[in-house]
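Structure assessment
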Amino acid sequence: KLNDAESISRSNSVSSLMDLMAMESLETSAIIANSIQNGAARNDDINIAGGTKVWHVLPVTDDGGSTAEIVRVLGGPAVGDIRSRLLRLAPGTTQEARAVRRLLGHRLVSMQSLGKKGGVDTEGMTHEMVSRMAREEWQDILDGGHESYQHSDFSGGKNAQDNYEHPLWKDVSGPYRSIIRAFLVHFHNQVLLTHNGIRQSQSNPSFDYTGGSVGNFFFAGARIFFGSLPAAIFLFSKVAGIPSGSRVLPAVLSQERLELGAVLEDGTRIRGQYNISHPHPKVSPHTPHHESKSQSSMSRISNQREISGSGNNISRHRQVIKSSLDSKDAIASMHPSPISSLHYLLHDPTWRRRNAQVKQSMESSSSAPEQQWSDRHEISLEPNPLVLEAISNANCIVYGCGSLYTSVLPSLVLEGVGEAISCRNLPKVLLLNGWHDSETSWAEACDNEDRVVKRMDATHFVKAVVDALHANGGVDDSDRTPLVTDYITHIFYPVGTEIGIDEKALTDFCNSRHQQQERKRECIVIQGIESIPADSCSDGSRSGGLAYHRVFNPRALVDALLDLAHETKLN
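Right, let's walk through the structure included here. Nothing here was measured: the structure is a model prediction, and the numbers come from that model.

Attention now goes to the packing of aromatic side chains. Counted by the stated rule, this structure contains 14 aromatic pairs. Ring geometry for Trp138 against Phe187: centres 6.2 Å apart, planes inclined by 85°, an arrangement best described as edge-to-face. Placement of Trp138 in helix H5 (residues 127-143) and of Phe187 in helix H6 (residues 174-195) is noted, with a sequence separation of 49 residues between them. When its relative accessible area of 0% is taken as the criterion, Trp138 is described as buried. Through a chain of ring-to-ring contacts, the aromatic side chains of Phe183, Phe218, Phe219, Phe225, Phe226 and Phe236 assemble into a single cluster. Positioned above the aromatic ring of Trp373 is the side chain of Arg269, whose terminal nitrogen or guanidinium carbon lies 4.6 Å from the ring centre.

To continue, consider the packing of helix H2 (residues 80-89) against helix H8 (residues 229-240). Where H2 contacts H8, the two axes come as close as 10 Å, and the packing angle between them is 25°. Classified by the angle between their axes, H2 and H8 sit roughly parallel to one another. Here H2 runs over H8; the crossing is right-handed. Here Ile82, Arg83, Leu86 and Leu87 of H2 come into contact with H8, specifically with Leu229, Ile233, Phe236 and Ser237. Looking at the contact of H2 with H8, its residues break down into six nonpolar, one polar and one charged.

The subject of this paragraph is the pattern of salt bridges. In total, this model carries seven salt bridges according to the counting rule given. Here Arg271 makes a salt bridge to Glu259, at a shortest N to O gap of 2.4 Å. One end of the pair, Arg271, is in strand E8 (residues 269-271); the other, Glu259, is in strand E7 (residues 259-264), with twelve residues separating them in the sequence.

As a further point, take the environment of Leu108. With respect to the helices and strands, Leu108 occurs in the loop between helix H3 (95-104) and helix H4 (111-117). Each C-alpha atom, one on Leu108 and one on Ser66, is 9.9 Å from the other, the two residues being 42 residues apart in sequence. Here Leu108 is in contact with Ser113, Ala134, Glu137, Trp138, Ile141, Tyr209, Gly211, Gly212, Val214 and Phe217, once residues within four sequence places are set aside.

Packing of helix H7 (residues 214-226) against H8 leaves a shortest axis separation of 8 Å and a crossing angle of 135°. The pairing of H7 with H8 is recorded here as oblique in orientation. For H7 against H8, the interelement crossing comes out right-handed. Residues Gly215, Phe218, Phe219, Ala222, Arg223 and Phe226 of H7 touch H8, and the partners they reach there are Leu229, Ala231, Ala232, Ile233, Leu235, Phe236 and Val239. When the residues that make up the contact of H7 with H8 are grouped by side-chain class, the tally is eleven nonpolar, one polar and one charged.

All right, on to the sheet that holds E8 then. A sheet is described by the order of its strands in space; here four strands give the open sequence E8-E7-E9-E10, paired in antiparallel fashion. The open sheet is flanked by E8 and strand E10 (378-379), the only strands paired with a single partner. Pairing between strand E9 (residues 339-345) and E10: two bridges, direction antiparallel. Among the inter-strand pairings, Tyr344 is bridged to a residue of E10, identified as Ile379.

Conventions we followed
- Residues numbered from 1 in each chain as written.
- Predicted model: local features only at pLDDT ≥ 70, side-chain atom pairs only at ≥ 80, totals over all residues.
- Heavy atoms only, no water.
- Phe/Tyr/Trp six-rings, centres within 6.5 Å; stacked < 30°, edge-to-face > 60°.
- Helix = DSSP H or I, 4+ residues; strand = E, 2+ residues; numbered from the N terminus.
- Buried < 20%, exposed > 50% of the residue type's maximum accessible area, 1.4 Å probe, protein only.
- Lys NZ or Arg CZ within 6 Å of the ring centre and 35° of its normal.
- Axes fitted to C-alpha atoms, helices over the stretch in contact; angles between N-to-C directions.
- Parallel < 35°, antiparallel > 145°, perpendicular 65-115°, else oblique.
- Left-handed = near helix turned anticlockwise from the far one by under 90°.
- Contact = heavy atoms within 4.5 Å.
- Nonpolar A, V, L, I, M, F, W, Y, C, P; charged D, E, K, R; others polar.
- Salt bridge = Lys/Arg side-chain N within 4 Å of Asp/Glu carboxyl O.
- Pairing = 2+ DSSP bridges.

Pasting the structure below:
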């Protein structure tokens, strides 16, 4: 067992995606792609053995929160998930490192922060008012980055120098301050250039700073300046003081905006990561006409506001808010059937408006599945070459718990990833979530107008991962069907998870893929890992975890993964 730790893994314990963890040589090397959500406690105190290298592979398709606003105005790949992971990897071992992390982790004021965190009575406040407050706060942060400024001392008639700094800049030294502020100013200038002195229309409003992440602004400024996402990651890593043993890799290298599309089993096609993970309320075909008409009217108003950005209390940001799936509102919003496949799509800036018009014309007369994209929008992408290199050097691959279809699978459906994983003879671990989310739950309509909630079990999780990896050529042999264990050899779950585990059903699924009898049949090893209450850690609570939900004990999880990797090396 490997001991003596170097703290390099503060994985984004609860925010989405796949965790590909690779370990090589006796000085183990680890790759973690994507964040761990719904299943792992925040591992601020996790230590991974000395010499361990951790590679984090993250999708660039986030289109919620302030990331969506940056992409809308400035274009390019989404950086929110990457920024979040980089900040969590920052050790914060010195006063200045903690100050930099605090600055880059700060979010500007929003209606939610004023009401819940600030204790401000927001009744009667409009979004325009909050947006103005956020814009003023942003300008204050920029101005407060000056080390000093001159002003006239009217009492003595001489120039005097005042040292003014915004509280967020406290303990940030001059060199770091100059670097960080330079890229924040560059981002700000790029936003101003998009205005070009022309009054913005409702269909193309100016940049909205509400709830914006200072780290996202810094990251976007660096990416635009260098014209390179990896270069921006490198700079951010150095500024945040991330240990050299940790690397963050975008799953795809692109300067273009990428979108996700999901196909449900009933034929519905959904566009956008946010819409996949945060489905909207549906109007049931069994709903009485007058109620359907009322709800349809509300839906039209909502769509129009989302498109135009109008409405006093409507934010253009689609804020990511976690809530219980047991509420009536959550059940009403669930997908009508399970997700069957995931795809990358060409960005189409006009689809939302056209889709709203189609829905308005169809909702009163048809119950046909919604179609937000077609086959002509679908594209096939190659992964970042460094991702394939990491897989080829790994001795353990881990698919982390998180939002299955918007966090894990986007890194798996890329060309060549399935083949690279399937040809490696090493442990491939699937980490199960501690609880369900809106991607692994759906509500089917019944004759009595109720909706029956159904959820994925462990076998469904395995099938989704295997299908994604095999979709773009998972095995370097077209004459045979891959075994499940070509992709997944182990399942780790937090003890007390609400994800159902039926070992017989899982065995039957594995056997159904064994079409060539001469191949040795192997079963997936299932192992429970010590867990802790989800609400005992900040990340668990933020991702919707309640007191009865369980997340991995981070120390126990890391020990189990390191033991497995070390055992493989000895064999």
